[in-house]
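Next come the chains, spelled out residue by residue.
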Amino acid sequence: MARHPESSQAARGKRRSTWSLVAMAVAMFGFAFALVPLYDVFCDITGINGKTADGPTAESGRVDIQREVTVEFVAYISPGMEWTFEPEVRRLVVHPGETRTINYSARNLTSEATVGQAVPSVTPGTGARYFNKIECFCFNRQPLAAGASAQLPLVFYVDPELPDDIHTLTLAYTLFNAPPTETAQTQ
């Protein structure tokens, strides 16, 4: 019995379609996997990510007393984190280059020791590169015993090179549960 040319051609078309779908699925997975690093690179290049530096910076060498910038402080707690966490000052007017210190208050409301990690962001995102932290509790995980509280210092300055069209910076910290480690230390 002879095969019909149409049926073998249809079988080849189905195999080709199947392989095309598999290739598209692999390509979509690869794109999704690469999307986060690509986004980070894009945000670093354009300066719109709102991320501040991960480590301390040195104090500013100059202060621009002719200019004032308002810095607002906000605190959020991630769901499931049973702490209180808030800035002691909500708003501060500073001269760019001027070193200032504020504290955040944290309290563990649970009956066991837990560890928190604060993640900062600055709005507008283009202003993030001009917000410099000399000392920050966000550089380390913060362990707190059951019911304990702590004052968490932030020493910062706004870079005098901050663009003139930015008059207000909002620094927001989100506090997350962190796994306990032997190296966790309160700053």
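Details of the structure are given in the entry above.
In this text the structure is predicted, and so the values were computed from the model without any measurement.

K.L.:
Please give an account of the overall build of the chain that cites residues and values.
P.N.:
A tally of helices and strands in the chain yields 1 helix and 9 strands. Counting from the amino terminus, the chain carries its helices and strands in the arrangement α-β-β-β-β-β-β-β-β-β. In the chain, which comprises 187 residues, the proportion classed as buried is 35%. Considering only contacts within the chain whose residues lie at least 6 apart along the sequence, 78% involve residues at least 24 apart. Just so you have it, the chain exposes about 11500 Å², and 57% of that area is on carbon and sulfur atoms.

K.L.:
So what's going on with the packing of aromatic side chains? Residues and values would help.
P.N.:
In total, this model carries 7 aromatic pairs according to the counting rule given. On the basis of an interplanar angle of 25° and a centroid distance of 5.3 Å, the ring pair of Phe85 and Tyr104 is categorised as stacked. Pair noted here: Phe85 is in strand β2 (residues 83–87) and Tyr104 is in strand β4 (residues 100–108), with a separation of 19 residues, a long-range link. Classification of Phe85 as buried rests on a relative accessible area of 6%. The interplanar angle of 45° and the centroid separation of 4.7 Å between the aromatic rings of Phe137 and Tyr173 together place this pair among those described as tilted. One end of the pair, Phe137, is in the loop between β6 (131–136) and β7 (142–144); the other, Tyr173, is in strand β9 (residues 168–178), with 36 residues separating them in the sequence. In this structure Tyr173 comes out as buried when scored by relative accessible area, which is 0%. Members of the aromatic cluster, connected to one another through ring pairs, are Phe85, Tyr104, Phe137 and Tyr173.

K.L.:
Describe the nonpolar core, listing the residues and the values that go with them.
P.N.:
In this structure, Phe73, Phe85, Tyr104, Phe137, Leu154, Phe156 and Tyr173 are the most contacted members of the largest nonpolar core, which totals 32 residues. Of all the elements in the fold, those that place two or more residues in this core are β1 (69–77), β2, β3 (91–94), β4, β5 (114–123), β6, β8 (149–158) and β9. The element contributing the most residues to this core is β8, with 5 residues.

K.L.:
Break down the state of the cysteines for me, with residues and values.
P.N.:
Within this structure, the stated rule accounts for 1 disulfide. Through a disulfide, Cys136 is tied to Cys138; the S-S separation comes to 2.5 Å. Taking the sign of the S-S torsion, about 130° here, the bridge from Cys136 to Cys138 comes out right-handed. Each member of the pair Cys136 and Cys138 is classed as buried.

K.L.:
Residue-level account of the side chain of Ser105, with values.
P.N.:
When you line up the elements, Ser105 lands in strand β4. With a relative accessible area of 18%, Ser105 lands in the buried category. A distance of 3.2 Å separates the side chain of Ser105 from the side chain of Glu88, its partner in a polar contact. Setting aside chain neighbours within four positions, we find Ser105 in contact with Thr84, Phe85, Glu86, Glu88, Ala150 and Gln151.

About the criteria used
- Residues numbered from 1 in each chain as written.
- Predicted model: local features only at pLDDT ≥ 70, side-chain atom pairs only at ≥ 80, totals over all residues.
- Heavy atoms only, no water.
- Helix = DSSP H or I, 4+ residues; strand = E, 2+ residues; numbered from the N terminus.
- Buried < 20%, exposed > 50% of the residue type's maximum accessible area, 1.4 Å probe, protein only.
- Contact = heavy atoms within 4.5 Å.
- Areas by Shrake-Rupley, 256 points an atom, 1.4 Å probe, with all protein chains shown as cover.
- Phe/Tyr/Trp six-rings, centres within 6.5 Å; stacked < 30°, edge-to-face > 60°.
- Core = buried A, V, L, I, M, F, W, Y, C linked by side-chain atoms within 4.5 Å.
- Disulfide = S-S within 2.5 Å.
- Polar contact = N/O pair within 3.5 Å; in protein donor to acceptor, adjacent residues only side chain to side chain.

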